[in-house]
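Remarks on the overall topology
What follows is the residue order along each chain.
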Amino acid sequence: MTRTQIFRAAVVLGVLAVTGGCATSEEWAEWKAHSTHFASDQHMGFSMRNNKDGSNPKVTRRDMESSPRENWWGKVITVRPDQIFEN
Amino acid sequence: MARWVVGALLAVALGAGAGPALAAPQTPAEAAGEKVIPLERYTTPKGQALARVHQQRLQRYAEQVWGCLPWLDLQKQSIGFQRPKGVPGDDRYFSTWILIPQAENKQFSALPQSRRMSAMFSRYGVDMMRRMADVHDVLADSNVHGFSVVLSWLKPGTSRPGVQPVNESVAAFIDKATGLDYLERRIPHAEFARRIRVMGFDGQTDLGPQTLDIWDDDFAATFKLPNYEPPAGISC
């Protein structure tokens, strides 16, 4: 590895170290600007399935209920209601 | 494409074939019935009285949220009149708890946890308050002290295979005057943030009181899921 290559690698590592732990202003701006990252993968999945034969372009709430998030929520560790509320 | 994304898409395709075998609610009424706190869960006369008077209206509100924001889910038995844990008295807050399917996202993951809470509240918390404020007869009840919104989403990095999924959550309690002043833009973001009570959670770890940075975000009010058809009887 040449000195130039070593220098370039060091610069890249340095940038990653500085920006890896927090959002840069560019990242923050991008997150705010791109609103559709929420559940975008599910949207893509439904879109692909429904448009495949062109006969059923509609997405229903039931489609969403059948999504894999049911499994995510089922297994995920979440704050218990009794940590927040009293009845 | 990340492996979990491929898995998610595959699961969607398989889920489509599974059809009725999945125990998903069939109608808005069924779905909402799972989300509204049942009368028997209230333990004080004030809570019980509020629930008796407004239970049908809460049901319609739950149907509306469930039907019009299909990419979100509502926590079971979360819509009702809650009181904050550890606070003396019996102040009852009109409450909603939503589950947000936040995909792994580089920009979102890079935010500090407190910033993620601010972002989620700005995007969904304020929108939920606005939807609750539209339930005029409930808000007009003098026994309703304010709004409560809980938001939960997958903590970045915990939806990968082999990693225990964990939700980050933010819970906010807003007195009625503060909430309405803010929604009608009579007070600025910073004053609103200063006057509300917010708690943060990492999984089940209580992170204590939080101070949010709140800004305008109209995503939840304007985003339309492509080709989405609301359930019969629901107008969005």
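Each value, and the rule that gives it
- Position numbers for residues start from 1 in each chain and track the written sequence from start to end.
- Numbering of ligands from 1 and lettering of chains from A proceed in the order in which they are written.
- Per-residue local features of the predicted model are confined to residues with pLDDT of at least 70, and side-chain atom pairs are confined, for both listing and counting, to 80 or more; whole-chain, interface and lining totals are unaffected and use all residues.
- Here a strand is any run of E in DSSP of at least two residues, a helix any run of H or I of at least four, and the numbering for each starts at the N terminus.
- Residues are called buried when their C-beta atom has 20 or more other C-beta atoms within 10 Å, exposed when it has 12 or fewer, and partly exposed otherwise; all C-beta atoms are positioned from the backbone.
- When buried Ala, Val, Leu, Ile, Met, Phe, Trp, Tyr and Cys residues are joined through C-beta atoms within 7 Å, the set is termed a nonpolar core.
- Any pair of residues counts as being in contact when their C-beta atoms, constructed from backbone geometry, are within 7 Å of one another.
- Values of pLDDT, which run from 0 to 100, indicate the predictor's confidence residue by residue.
- Given the number of residues in a helix, its expected span is that number minus one, multiplied by 1.5 Å.
- The angle between axes fitted to the seven-residue stretch ending at a residue and the seven-residue stretch beginning at it gives the bend at that residue.
- Here a strand pair is declared whenever DSSP counts at least two bridges between the two strands.
- A fitted line through C-alpha atoms serves as each axis, taken over the contacting stretch for helices, and the angle formed by two N-to-C directions is quoted from 0 to 180°.
- Here is the rule for angles: anything less than 35 degrees is roughly parallel, anything more than 145 is roughly antiparallel, 65 through 115 is roughly perpendicular, and the remaining ranges are oblique.
- When the near helix sits turned anticlockwise from the far one by under a right angle, the crossing is termed left-handed; a clockwise turn instead gives a right-handed crossing.
- Throughout, the ten residues Ala, Val, Leu, Ile, Met, Phe, Trp, Tyr, Cys and Pro are labelled nonpolar, Asp, Glu, Lys and Arg are labelled charged, and all others, Gly among them, are labelled polar.

Here the focus is the overall build of chain A. Each helix and strand in chain A was counted, giving 6 helices and 1 strand. Of all 87 residues assigned to chain A, the portion counted as buried reaches 25%.

A separate point is the nonpolar core. Residues and elements named next belong to chain B. Membership of the largest hydrophobic core comes to 61 residues, with the highest contact counts inside it found for Ala-62, Ile-98, Met-120, Leu-151 and Ala-172. Where this core is concerned, the elements lending two or more residues are α2 (28-35), α3 (45-68), β3 (92-100), α5 (113-133), β4 (144-154), β5 (167-175), α8 (189-195) and β6 (197-202). Of all the elements, α5 adds the most residues to this core, at 9 residues. With sequence-adjacent residues up to four places away left out, Ala-62 is seen in contact with Ala-32, Lys-35, Val-36, Leu-74 and Ile-79.

Moving on: the confidence of the model for chain A. Residues and elements named next belong to chain A. In this model, chain A carries a mean pLDDT of 57, and residues with pLDDT of at least 70 account for 22%. Helix α1 (residues 3-20) is the least confidently modelled element of chain A, averaging 42 in pLDDT, while helix α6 (residues 81-84) averages 98, the highest of any element. Here residues 9-23 scores under 50 on pLDDT; set against residues more than four positions off or in separate chains, the count is 8 contacts.

The subject of this paragraph is α5 of chain B. All names here are of chain B. End to end, α5 covers 28 Å across 21 residues, agreeing with the expected 30 Å (1.5 Å per residue, within 8%). Along α5, the sharpest change in direction is near 40° and occurs at Phe-121. The element α5 is largely enclosed, with a buried count of 15 among its 21 residues.

Let us look at the environment of Pro-156 of chain B. All names here are of chain B. On the secondary structure map, Pro-156 appears in the loop between β4 and β5. The spatial distance from the C-alpha of Pro-156 to the C-alpha of Arg-116 is 9.9 Å, given a sequence separation of 40 residues. For Pro-156, the residues in contact, after removing those within four places along its chain, are Glu-104, Phe-108 and Ser-109.

Right, let's talk about the pairing of β6 of chain B for a bit. Two faces make up the sheet, and in a regular strand the side chains alternate between them. Residue and element names in this part refer to chain B. Where β5 lies against β6, 6 bridges are found, and the strand directions are antiparallel. Bridging from a neighbouring strand, Ala-171 pairs with Met-199 of β6. Summarising the sheet, β6 and strand β7 (residues 205-209) pair through 4 bridges and their orientation is antiparallel. Across the sheet, residue Gly-200 finds its bridge partner in β7, namely Gly-208. Where β6 folds back onto β7 in an antiparallel hairpin, the turn is made up of 2 residues, including Gly-203, whose phi is positive at roughly 65°.

Attention now goes to the packing of α2 of chain B against α3 of chain B. Residue and element names in this part refer to chain B. At a minimum axis separation of 8 Å, α2 and α3 run at an interaxial angle of 110°. As judged from the angle between their axes, α2 and α3 are roughly perpendicular. α2 and α3 meet at a crossing whose hand is right-handed. In contact with Pro-28, Ala-29, Ala-31, Ala-32 and Lys-35 of α2, α3 contributes Gln-59, Ala-62, Glu-63, Trp-66 and Gly-67. For the contact of α2 with α3, the per-class residue count stands at 6 nonpolar, 2 polar and 2 charged.

Before going further, it helps to spend a moment on α3 of chain B. Residues and elements named next belong to chain B. The terminal C-alpha atoms of α3 lie 33 Å apart, and with 24 residues this matches the ideal 34 Å at 1.5 Å per residue to within 8%. When the local axis directions of α3 are compared, the greatest deviation, roughly 65°, occurs at His-54. Along α3, the residues classified as buried are Gly-47, Leu-50, Ala-51, His-54, Leu-58, Tyr-61, Ala-62, Glu-63, Val-65, Trp-66, Gly-67 and Cys-68.

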